[in-house]
Amino acid sequence: MTTESEPGAQAVSLARLVQGRIPALSFEAAAIKTAGASPVPRRNRAAFQRAHAEGALLFVLNEGTDVRVEAKDAQGLATLAGKKKADLEASAEELTSRKFRDAVYAALALLP
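The rules behind these values
Residues numbered from 1 in each chain as written. Predicted model: local features only at pLDDT ≥ 70, side-chain atom pairs only at ≥ 80, totals over all residues. Heavy atoms only, no water. Core = buried A, V, L, I, M, F, W, Y, C linked by side-chain atoms within 4.5 Å. Buried < 20%, exposed > 50% of the residue type's maximum accessible area, 1.4 Å probe, protein only. Helix = DSSP H or I, 4+ residues; strand = E, 2+ residues; numbered from the N terminus. Salt bridge = Lys/Arg side-chain N within 4 Å of Asp/Glu carboxyl O. Polar contact = N/O pair within 3.5 Å; in protein donor to acceptor, adjacent residues only side chain to side chain. Contact = heavy atoms within 4.5 Å.

1. Here's the deal with the nonpolar core
General note: in soluble globular proteins, nonpolar side chains tend to be found buried as a group. One finds Ala11, Leu14, Ala15, Val18, Ile22, Ala30, Ile32, Ala56, Val60, Leu61, Val67 and Val69 forming the largest nonpolar core, which totals 12 residues. When contributions to this core are tallied by element, the ones reaching two or more residues are helix H1 (7-21), strand E1 (29-33) and helix H2 (45-64). Take this core: its biggest share by element is 4 residues, from H1. Residues Ala74, Leu77, Ala92 and Tyr105 belong to the second largest nonpolar core, which totals 10 residues.

2. Describing the pattern of salt bridges
In the structure shown here, the tally under the stated rule is 6 salt bridges. Between Lys33 and Asp102 there is a salt bridge, and its shortest N-O distance comes to 3.0 Å. Note that Lys33 is positioned in strand E1 and Asp102 in helix H5 (residues 101-110), a separation of 69 residues in sequence. Judged by its relative accessible area of 18%, Lys33 falls in the buried class. Across the pair Arg50 and Asp102 runs a salt bridge whose closest N-O atoms are separated by 3.8 Å. Placement of the pair is Arg50 in helix H2 and Asp102 in helix H5, with a sequence separation of 52 residues. One connected set of salt bridges, linked through shared partners, spans Lys33, Arg50, Glu54 and Asp102.

3. Focus: the side chain of Glu54
Turning to its location among the elements, Glu54 is positioned in helix H2. In this structure the side chain of Glu54 is engaged in a polar contact, spanning 3.0 Å, whose partner is the backbone nitrogen of Ala35. Ignoring sequence-local partners within four residues, the contact set of Glu54 consists of Ile32, Lys33, Thr34 and Ala35.

See the structure below:
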């Protein structure tokens, strides 16, 4: 992602990278599948990095575009789509590899 080592600095670098690419894209909506709260509080690095990345993306999308932006956990996106979580997960699995499943899951939630 960046050469920064602090999560906050990484988030700023990510925001700058995304901000530079936004003008070249054409889209009507953006969805982010957030990690949601862990049932067991954890202070691991991956959770902090993901939260910072989600925040950076939300900031850039809200400040730099006029599109609809939704950031919800898996259940929230399924509710938004009017589907059961398991059904939306199955659709995402059918359409893509494991690597892109969260992104496809989020995108499916905003399809008409």
